[in-house]
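Summary of the model geometry
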Amino acid sequence: MAVVEIYDTTLRDGSQGEGVSFSAEDKVKIALRLDKMGFHFVEGGWPGSNPKDMAFFQRIKNYRLSCARIAAFGSTRKPGVPVQEDANIRCLLAAGVSTATIFGKSWDLHVTRALGTTLEENLAMIEDTVGYLKSRGLMVIYDAEHFFDGFKANAEYALATLKAAVRGGADRVVLCDTNGGSLPEEIAAIVRRVRDELPTALGIHCHNDCELAVANSLAAVQAGVTHVQGTINGYGERCGNANLCSIIPNLTFKYGYETIPRSSLAQLTELSRYVSELANLHPNTHQPYVGASAFAHKGGVHVSAILKDPRTYEHIDPALVGNRRRVLVSELSGLSNLLYKLKELNFNLDASQEDTRRFLEEIKELENQGYVFEGAEGSFELLLRRAYHNYRPPFKLESLRVIIELKENSPVYSEAIIKMTVGDEVVHTAAEGNGPVNALDNALRKALEIFYPDIRRMQLTDYKVRVLDEKDGTGAVVRVLIETGDGERSWGTVGVSTNIIEASWQALADSIAYGLLKNNEK
Ligand SMILES: [Zn+2]
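Overview of the structure.

Conventions we followed
Within any chain, residue numbers begin from 1 and follow the written order of that chain's sequence. Only residues with pLDDT of at least 70 get local features here, since the model is predicted, and only at 80 or more are side-chain atom pairs given and counted; chain-wide, interface and lining totals rely on the full set of residues. Calculation of side-chain values draws on the structure's entire complement of heavy atoms; hydrogens and water are dropped beforehand. Secondary structure follows DSSP: runs of H or I at least 4 residues long count as helices, runs of E at least 2 residues long count as strands, and numbering of each begins at the N terminus. The cut-offs for exposure are 20% and 50% of the maximum accessible area for each residue type, with area from a 1.4 Å probe on protein chains only; residues under the lower value are buried, those over the upper are exposed, and the others partly exposed. Here the accessible surface of atoms and residues is derived via Shrake-Rupley with a 1.4 Å probe, and residues count as covered only by protein chains that are part of the display. His is not counted here, nor are the chain ends, while Lys and Arg score as positive and Asp and Glu score as negative. Charge positions come from single atoms, namely NZ of Lys, CZ of Arg, CG of Asp or CD of Glu. The rule for donors is simple: N, O or S, within 2.8 Å of the metal, or within 3.2 Å if the metal is Na, K or Ca. Water isn't counted, so a site may look like it is missing partners. Any two residues having at least one pair of non-hydrogen atoms within 4.5 Å are treated as being in contact. A pair of strands counts as paired when DSSP detects no fewer than two bridges linking them. Here, axes are lines fitted to C-alpha atoms. For helices the fit covers the stretch in contact, and angles between N-to-C directions go from 0 to 180 degrees. In this scheme, roughly parallel covers angles under 35 degrees and roughly antiparallel covers those over 145, while 65 to 115 is roughly perpendicular and the rest are oblique. Note that Gly is not counted as nonpolar here; it falls among the polar residues with everything else outside the nonpolar set of Ala, Val, Leu, Ile, Met, Phe, Trp, Tyr, Cys and Pro and the charged set of Asp, Glu, Lys and Arg. For salt bridges, the criterion is a side-chain nitrogen of Lys or Arg within 4 Å of an Asp or Glu carboxyl oxygen. Each patch is built from salt-bridge-free residues with over 30% relative accessible area, joining like charges within 9 Å and nonpolar side chains (Val, Leu, Ile, Met, Phe, Trp, Tyr) within 5 Å. Only centres within 6.5 Å qualify two rings of Phe, Tyr or Trp (six-membered ring in Trp) as a pair; their planes then separate them into stacked at under 30 degrees, edge-to-face at over 60, and tilted for everything else. Look at NZ for Lys and CZ for Arg. If either is within 6 Å of the ring centre and within 35 degrees of the ring normal, a charge sits over the ring.

In this section: the overall build of the chain. When helices and strands are tallied, the chain shows 18 helices and 16 strands. Based on the C-alpha atoms only, the size of the chain along its principal axes is roughly 85 × 60 × 50 Å. Here the chain, with 522 residues, has 53% of them falling under the buried criterion. Carbon and sulfur atoms make up 49% of the accessible area of the chain, which totals about 23,700 Å². In the chain, 57 side chains carry a positive charge and 67 a negative one; their mean positions are 4 Å apart.

Written out as structure tokens, the structure is:
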């Protein structure tokens, strides 16, 4: 099986994406994770460009990596400056890495217009820089910036730049579609041309401006490159880089190449979410392979087929990439979705059909009122348990009151007072908060903490309010969706009412009740 090297540039190119920001510590964590999963290269940053990247290289030296080579990124020397005196190259050497990735210009337009030097000097800059770093004992990867655009404008010169890198001793020559405007057929044809001319192992680096970065990378591999650069979740400048979360499974499962170990592929979904967490970006639920919706089934016809054989509507087994099948309950749902859900939750399928149909009617009625269970699997399961099992709620509300005080020249005051029964005991608590829902959350936790210390680990991670029938103005029905996590898993719950406090209470109470239920099952 042919091997394709995976080169991750999430920490450098990926961090140039809008809204993406990693601390030096985050970068270390991600690099260690990629190393553990068997990525061949991890590009840590551009030591010449900012101190944060330099801090990363200082810290990563304290770890022994098992697989990945850490690469530092930098440009060729400046025109007219001896390479050993170039400030950027000095920073790169100071980073103390064993691998340098050097980018240089391939497009004559960029050389004369952007760089303002001669075509000959640019060739010397490439050869000098690569040669100097080789003489210092580094592995050198040469990134040919704008290679495909350059080749289309002036093929002879673009090839001459690659040959300069080869003369310098480059270990890999990486062809970049920097502006992301090339098509898969062009990429394949140009890679083949280069293949015929160059002895060195080739790589590909694509951007996603035409949403073709993954397709272009795959086309390049089919045409002969053995090294693929990209980022986790496709983060990067403008529309992003080539998404390794799609490229790796495509290369492995569709083309049969060897990339990272199969056991690591089963951690791909987790990796994708981990990186989005550290980048502080919401995971893209519709992302192929690793998104929460990638194997989610909603239509009744689909679900009934999936129940018979998952291959009917799934291109691979989700477990291969660490994802899972989900069956959504919604107004589209038929009996099959419900039966699937029941089975998944270990409910006795022998329950009489009559019961099942009645429960389905109940869900449809709730959906008419504005409930959605797609993002609220916690509330759905509680509903199911209330209907089918002799479920014992962990607490019962007697009454609640929320007080809000607005006074001129002083901050708004919110307080919640709750009376509940827990087992045989009646608890009465009050708590303040920075708003009414926060006060409610605080009071609920305060009341339950002594009975269920586990709730300290449960954190509200997202709170969304949606007005359902806007034409009714302030009298409209609102839906509250809450996401709660305990560090291991996260779950969604829902509440609906014309009163935002009541809707919030329903979702909050469900979130705690569901968390406690799952803790008991452990
Ligand atoms: Zn790039």
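Next, the rest of the story.
Donor atoms from the polypeptide that bind the zinc ion are Asp13 (OD), His205 (NE2) and His207 (NE2), placed at 2.0 to 2.1 Å. Here the donor residues of the zinc ion are spaced in sequence according to D-x191-H-x1-H. The class for His207 is buried, based on a relative accessible area of 5%.

This part is about the side chain of Glu145. Inspection of the secondary structure assignment puts Glu145 in strand β5 (residues 139-145). Note on Glu145: relative accessible area 17%, which makes it buried. Each residue touching Glu145, except ones within four places of it in the same chain, is listed here: Phe103, Gly104, Lys105, Ser106, Cys176 and Thr178.

We now examine the pairing of strand β12 (residues 410-422). Two strands pair when backbone bridges link them, and strand β11 (residues 396-407) and β12 are joined in this way by 10 bridges, in the antiparallel orientation. Bridging across to β12, Ile404 finds its partner in Ser414. What sits between the antiparallel neighbours β11 and β12 is a turn of two residues, in which Asn409 has the positive phi angle 65°. Inspection of the sheet shows β12 paired to strand β13 (residues 425-433) by nine bridges, in the antiparallel sense. Each bridged residue has a counterpart across the sheet, and for Met420 the counterpart in β13 is Val427. Taken together, β12 and the strand that follows it, β13, pair antiparallel across an intervening segment of two residues, in which Gly423 is found at a positive phi of about 60°.

Where helix α13 (residues 300-308) contacts helix α14 (residues 335-344), the axes come no closer than 8 Å and their chain directions differ by 45°. With respect to α14, the axis of α13 lies oblique. Contacts between α13 and α14 involve Gly300, Val303, Ser304 and Leu307 from the first element and Ser336, Asn337, Tyr340 and Lys343 from the second. Class assignment of the residues belonging to the contact of α13 with α14 gives a composition of three nonpolar, four polar and one charged.

What follows concerns the pattern of salt bridges. Throughout the structure, instances matching the rule amount to 24 salt bridges. Residue Glu197 pairs with Lys163 through a salt bridge whose shortest N-O separation is 2.9 Å. Of this pair, Glu197 sits in helix α8 (residues 184-197) while Lys163 sits in helix α7 (residues 155-168), and the two are 34 residues apart along the sequence. By relative accessible area, Lys163 is classed as partly exposed at 31%. Here Asp510 ties to Arg386 by a salt bridge, and the two come within 3.2 Å at their closest N and O atoms. Residue Asp510 is found in helix α18 (residues 500-521), and its partner Arg386 is found in helix α16 (residues 377-388); the two are separated by 124 residues along the sequence. Look at the salt bridges and you will find they share partners, linking Arg12, Asp13 and Glu43 into a network.

What follows concerns the sheet that holds strand β15 (residues 478-485). Reading across the sheet, the three strands line up as β14-β15-β16 and stay open at both edges, with antiparallel pairing between neighbours. The sheet terminates laterally at β14 (459-467) and β16 (490-497), the two strands that pair on one side only. For this sheet, the mean inter-axis angle between neighbouring strands, taken without regard to orientation, is 15°. In the sheet, β15 pairs with β16 via eight bridges, with the strands oriented antiparallel. In the sheet register, Glu483 faces β16, and the bridge partner there is Gly492. Packing of α18 onto the sheet brings it into contact with β14, β15 and β16, and relative to β16 it is tilted by some 150°.

What follows is about a nonpolar patch on the surface. Taken together, the side chains of Ile404, Leu406 and Val412 define a hydrophobic patch exposed on the protein surface, amounting to about 320 Å² of accessible area. Counting through the fold element by element, Ile404 comes out in strand β11. A residue is classified by how much of its surface remains accessible, and Ile404, at 49% relative accessible area, is partly exposed.

Looking now at the sheet that holds strand β6 (residues 172-177). Within a sheet, adjacent strands bond to each other through the backbone by hydrogen bonds, running parallel or antiparallel. Taking strand neighbours around the barrel as the criterion, the eight strands line up as β1-β2-β3-β4-β5-β6-β7-β8 in a closed arrangement whose pairing is parallel. Sheet twist, expressed as the mean angle between neighbouring strand axes with direction ignored, is 25°. By the bridge criterion, two bridges tie strand β1 (residues 5-8) to strand β2 (residues 41-45) in an arrangement that is parallel. Counterpart to Tyr7 in the pairing with β2 is Phe41. Contacts from helix α3 (residues 87-94) reach β3 (69-75) and β4 (99-105), with the element oriented near 170° to β3. Here helix α10 (residues 244-254) sits on the sheet and contacts β1 and β8 (227-230); the angle it forms with β1, its principal contact strand, is near 175°.

This part is about the packing of aromatic side chains. Per the counting criterion, the structure on display carries 12 aromatic pairs. On the numbers, 5.2 Å between centres and 10° between planes, the contact of Phe73 with Phe103 is stacked. One end of the pair, Phe73, is in strand β3; the other, Phe103, is in strand β4, with 30 residues separating them in the sequence. Residue classification places Phe103 among the buried positions, given a relative accessible area of 14%. Measuring from ring centre to ring centre gives 5.9 Å for Phe373 and Phe380, while their planes differ by 65°; the resulting arrangement is edge-to-face. With respect to burial, Phe373 and Phe380 carry one shared label: buried. Three or more aromatic residues joined by ring pairs make a cluster, and in this case those are Phe359, Tyr371, Phe373 and Phe380. A cation over a ring is seen here: Arg12 above Phe73, with NZ or CZ 3.5 Å from the ring centre.

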